Amino acid sequence: MKVPLADLTREYKELKSEIDSSISKVIERCDFILGEDVHKFEEEFAKFNGTKYAIAVASGTDALRIGIMASGIKQGDEVITTPFTFIATSETISQSGAKIVFADINENDYNIDPKDIEKRITKNTKAILPVHLYGHPARMKEIMDIAKRHNLIVIEDCAQAFTAKYNMESQWKFVGSMGKCGAFSFFPAKNLGAYGDGGMITTNDDNVAKLANTLRNHGSSERYLYEREGFNSRLDTIQAAVLRVKLRNIVRFTEMRNKAASKYNELLKDVVKTPSTGENCYHSFNYYTIRFESKEIRDRVQKHLNENGIANQIYYPVSLHLQQAYKHLGYKKGDLPVVEKIQDEVLSLPMFPQLRDDEIEYVSEKVKEAIKVRC
Ligand SMILES: *Cc1c(COP(=O)(O)O)cnc(C)c1O
C-alpha cells in the first residue's frame with residue numbers, strides 16, 4: 001500500500017463544488033489584488049482567532065518578516081528563538097537586521113525551553129520568537145511571564161499551528177493571539193492550506209496592524225503616496241477565496257487530525273515515544289511525530305517505511321545552529337544538547353484529516369516490524 005505524507009486531493013474532492021464556485025466568482029469579478037475575498041477572509045480569520053486584526057500577506061515567511069518589522073525589531077536587537085524549526089523563522093530575524101540567539105528546546109514537546117531563554121537574555125534582547133512546532137503550542141505562560149519581567153515582546157510563529165490552543169490562566173487562547181503578533185502560513189500542506197503560497201499576521205496592537213497593512217503594499221495606504229518603503233506581499237484574492245471555504249471546515253479537519261493521532265497513539269504507544277500533548281494545550285497535529293531511542297533505530301524504521309511505500313519526513317534533521325548558513329554565529333556541537341539529541345530521534349508519519357484507519361494500521365504495523373528486528 002502507498003501512503004502519502006499528506007493527500008490534498010482527498011480534501012479537494014470533498015469541497016470541490018464550493019471551491020470551484022468560489023474561484024469562479026473571483027474570475028468573474030476580476031478583483032485579483034486585495035479584492036473582496038481578501039477583506040472578508042481577514043475579518044473571518046481575525047474573528048476565528050480572537051484577535052482584533054488579521055492582515056493577509058503572500059506567504060508565512062512574509063508574515064514573519066512583516067510581523068517582525070512592524071513590531072519594531074531593528075539593527076542591533078537580539079531575538080531569542082528555537083533552532084528546531086524551518087529556516088524562515090530565523091532568516092526573517094537576520095533580514096530585519098537583528099541578531100539571532102538560539103535557545104535549546106525541551107524533551108516533551110520539542111518547543112523552546114523557557115529556562116534556556118532566560119539564560120540568554122542580554123541588554124540587547126528585544127524579543128522572544130517561539131514556534132508552535134508540529135502544531136503543539138509552546139509554553140506560552142512561562143514565555144509571557146519572562147517577556148513581562150524583562151520588557152520583551154513576543155512574536156509567535158504559528159505556521160504549523162493554526163487552530164492550536166493554549167489554556168492561559170483558565171482561558172483557552174488560539175496561538176497567534178497571545179504575543180504582540182502571530183505569523184501564519186497557508187503553504188498547501190499546513191493546517192489551513194491555500195492552492196499556492198499565502199500567509200497571515202494576527203495582532204491586537206493598533207500600531208502593528210497599521211504598519212503591517214502598509215508594509216505589505218509598498219509602504220502605501222493611499223495609492224502612490226508612501227509613508228515608507230515596503231514590499232509587494234499581498235495574498236491573492238483567488239487564494240483568499242479558496243481559504244474562506246476551507247476556514248469554514250477547519251475545526252472539523254483539526255478534529256479529524258486529532259482522531260487520527262489518537263489511533264496512532266493507541267497502536268504505537270508501547271513501542272515508541274508518541275507525541276505528548278501538554279495539559280494546557282490543544283494540538284493541531286500539522287505533523288504527527290514519533291521518537292525512537294536512538295538514531296540507529298530511527299534510520300532503520302525510516303528505511304523500512306520507504307521500502308513499503310510509506311511517505312515520511314524528518315522535521316528537522318540538522319538543527320539550525322549547526323547549519324552552514326549560521327556558521328558565523330559561532331555555535332558548535334554540544335552547545336544545545338537537547339535539540340542535538342532530538343534531531344536524531346524524530347520521524348514524522350503520514351498525517352492529514354482524511355487519513356484512513358486502514359492506512360494508520362498499516363503504517364503502525366510497519367513501524368513495529370522495523371523496531372522488532374534487533375540486530
Ligand atoms: C512553513 C513554515 C514557515 C514559512 O511559511 P511559508 O508560507 O512556506 O513561507 C515558517 N515557519 C515554520 C515553522 C514553518 O513550518
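Residue positions are given per chain, counting from 1 as you read along its sequence in written order. Residues qualify for local features only when their pLDDT is at least 70, as the model is predicted, and side-chain atom pairs are given and counted only at 80 or more; totals for whole chains, interfaces and linings, by contrast, use all residues. Side-chain metrics in this entry use all non-hydrogen atoms of the structure; hydrogen atoms and water are not considered.

Chemist: Sorry if this is basic, but what is going on with helix α6 (residues 140-150) here?
Modeler: Along an α-helix, a turn takes 3.6 residues, which lines up residues three or four apart on a common side. Within α6, the full set of buried residues consists of M140, I143, I146 and A147. End-on view of α6: buried residues confined to an arc of 130°, all on one side of the axis. In α6, the exposed positions angled more than 90 degrees off the buried face are occupied by K148 and R149. Should any heavy atoms of two residues lie within 4.5 Å, those residues are counted as being in contact. Numbering of helices and strands starts at the N terminus; helices are DSSP runs of H or I of at least 4 residues and strands are runs of E of at least 2. Contact partners of the buried residues in α6: α5 (114-119), β4 (125-129), β5 (153-157) and β6 (165-168). Looking one or two residues beyond α6, the residue adopting positive phi is N151, at roughly 60°. For each residue, the accessible area found with a 1.4 Å probe, counting protein chains only, is set against the maximum for its type, and the residue is called buried under 20%, exposed over 50%, and partly exposed in between. Regarding the arc, it is the one traced by the directions from the helix axis to the C-beta atoms.

Chemist: Even after reading the chapter, I still don't get the sheet that holds strand β10 (residues 281-282), so can you show me in this structure?
Modeler: Working definition: the strands of a sheet are paired by backbone hydrogen bonds and lie parallel or antiparallel to each other. Taken in spatial order, the three strands make up an open sheet running β7-β6-β10, and their pairing is antiparallel. In the strand order of this sheet, the two ends are held by β7 (171-174) and β10, each with one partner. Strands pair, by our definition, only if DSSP identifies at least two bridges between them.

Chemist: Any chance you could explain the nonpolar core here in plain terms?
Modeler: Nonpolar side chains tend toward joint burial in soluble globular proteins. Residues belong to one nonpolar core when they are buried, are Ala, Val, Leu, Ile, Met, Phe, Trp, Tyr or Cys, and are joined through side-chain atoms within 4.5 Å. If you look at the biggest cluster of nonpolar residues, it comprises 66 residues, and the most contacted ones within it are F84, Y264, Y288, F292, V301, L349 and V367. Annotation comment: domain bounds sourced from an automatic or database domain assignment. Counting residues domain by domain, this core receives three or more from each of domain 1 (8-103 + 111-247) and domain 2 (251-372). In this view, F292 contacts V272, I297, R298, V301, E345, L347, V367 and I371; residues no more than four positions away in its chain are not counted. Judged by nonpolar contacts, the second largest core, of 39 residues, contains F41, I143, A194 and M200.

Chemist: How do you make sense of a nonpolar patch on the surface when you look at a structure like this?
Modeler: Exposure above 30% relative accessible area and the lack of any salt bridge qualify a residue for a patch; like charges then connect within 9 Å, and the nonpolar side chains Val, Leu, Ile, Met, Phe, Trp and Tyr within 5 Å. Shrake-Rupley sampling with a 1.4 Å probe provides the accessible areas, and residues are treated as covered by the protein chains on show and by no other component. When a carboxyl oxygen of Asp or Glu is within 4 Å of a side-chain nitrogen of Lys or Arg, the pair counts as a salt bridge. On the surface, a nonpolar cluster with roughly 280 Å² of combined accessible area is contributed by I27, F32 and I33. Within the secondary structure, I27 is located in helix α1 (residues 8-29). Judged by its relative accessible area of 47%, I27 falls in the partly exposed class.

Chemist: Sorry if this is basic, but what is going on with the domain arrangement of the protein here?
Modeler: A common measure of how large an interface is: the accessible area buried when the components associate. Domain boundaries assigned for the protein yield domain 1 (8-103 + 111-247) and domain 2 (251-372). Placing a centre on the C-alpha atoms of domain 1 and another on those of domain 2 gives a separation of 25 Å. On the domain 2 side, the residues contacting the 36 residues of domain 1 number 37 residues. Regarding the contact of domain 1 and domain 2, the summed buried area is about 3000 Å², with carbon and sulfur atoms giving 58% of it. Summed over both partners, the accessible area lost on bringing two parts together, with a 1.4 Å probe, is the buried area. Ranking the residues of domain 1 by area buried against domain 2 places R10, F84 and Y134 at the top, with a combined share of 25%. Here domain 1 is connected to domain 2 by two salt bridges. E359 is the partner of R10 in a salt bridge, and the nearest nitrogen-oxygen pair spans 2.8 Å. For the purposes of these results, a polar contact is taken to be a pair of N or O atoms within 3.5 Å, where, inside protein, one atom must be able to donate a hydrogen and its partner to accept one; residues adjacent in sequence count only when each atom of the pair is a side-chain atom. Across the domain 1-domain 2 interface, the total number found is 21 residue pairs in polar contact (both at pLDDT 80 or more). Every element with two or more residues in the side of domain 1 that touches domain 2 is listed here: α1, α4 (88-95), β3 (99-102) and β6.

Chemist: What should I look at first to understand the pattern of salt bridges in this one?
Modeler: Enumeration according to the criterion identifies 37 salt bridges in this entry. Here D299 ties to K295 by a salt bridge, and the two come within 2.8 Å at their closest N and O atoms. A residue pair is termed a helical-turn pair when its members lie 3 or 4 positions apart in one helix, as D299 and K295 do in helix α10 (residues 295-307) at four residues. Given a relative accessible area of 28%, D299 falls into the partly exposed group. Of the charged contacts, one joins D358 and R356 as a salt bridge, the two residues approaching to 2.9 Å between their closest N and O atoms. Here D358 falls in the partly exposed class, since its relative accessible area comes to 36%. One network of salt bridges, with partners in common, ties together R29, D31, E36, D37, K40, E44 and R244.

Chemist: Would you mind going over the packing of aromatic side chains with me for this structure?
Modeler: Each aromatic ring pair is specified by the distance between its two centres and by the angle formed by the two planes. By convention, a stacked pair of Phe, Tyr or Trp rings (six-membered ring in the case of Trp) has centres within 6.5 Å and planes under 30 degrees apart, an edge-to-face pair has planes over 60 apart, and any other such pair is tilted. The full count for this structure, using the stated rule, is 18 aromatic pairs. Ring centres of Y12 and Y195 lie 6.1 Å apart, and the angle between their planes is 80°; this geometry places the pair in the edge-to-face category. Of this pair, Y12 sits in helix α1 while Y195 sits in the loop between β8 (181-185) and β9 (199-203), and the two are 183 residues apart along the sequence. Note on Y287 and Y315: the rings are 3.9 Å apart at their centroids and 15° apart in plane angle, and the pair reads as stacked. Here Y287 is found in the loop between β10 and β11 (288-291), whereas its partner Y315 is found in the loop between α10 and α11 (337-342), with 28 residues between them in sequence. Pair check on accessibility: Y287 and Y315 agree, each one buried. Grouping aromatic residues by their ring pairs yields a cluster made of F41, F45, F48, F162, F174, F184 and F186. A positively charged side chain is recorded as over a ring if its NZ (Lys) or CZ (Arg) lies within 6 Å of the ring centre. The angle to the ring normal must also be within 35 degrees. The ring of Y282 carries K165 above its face, with NZ or CZ at 5.1 Å from the centroid.

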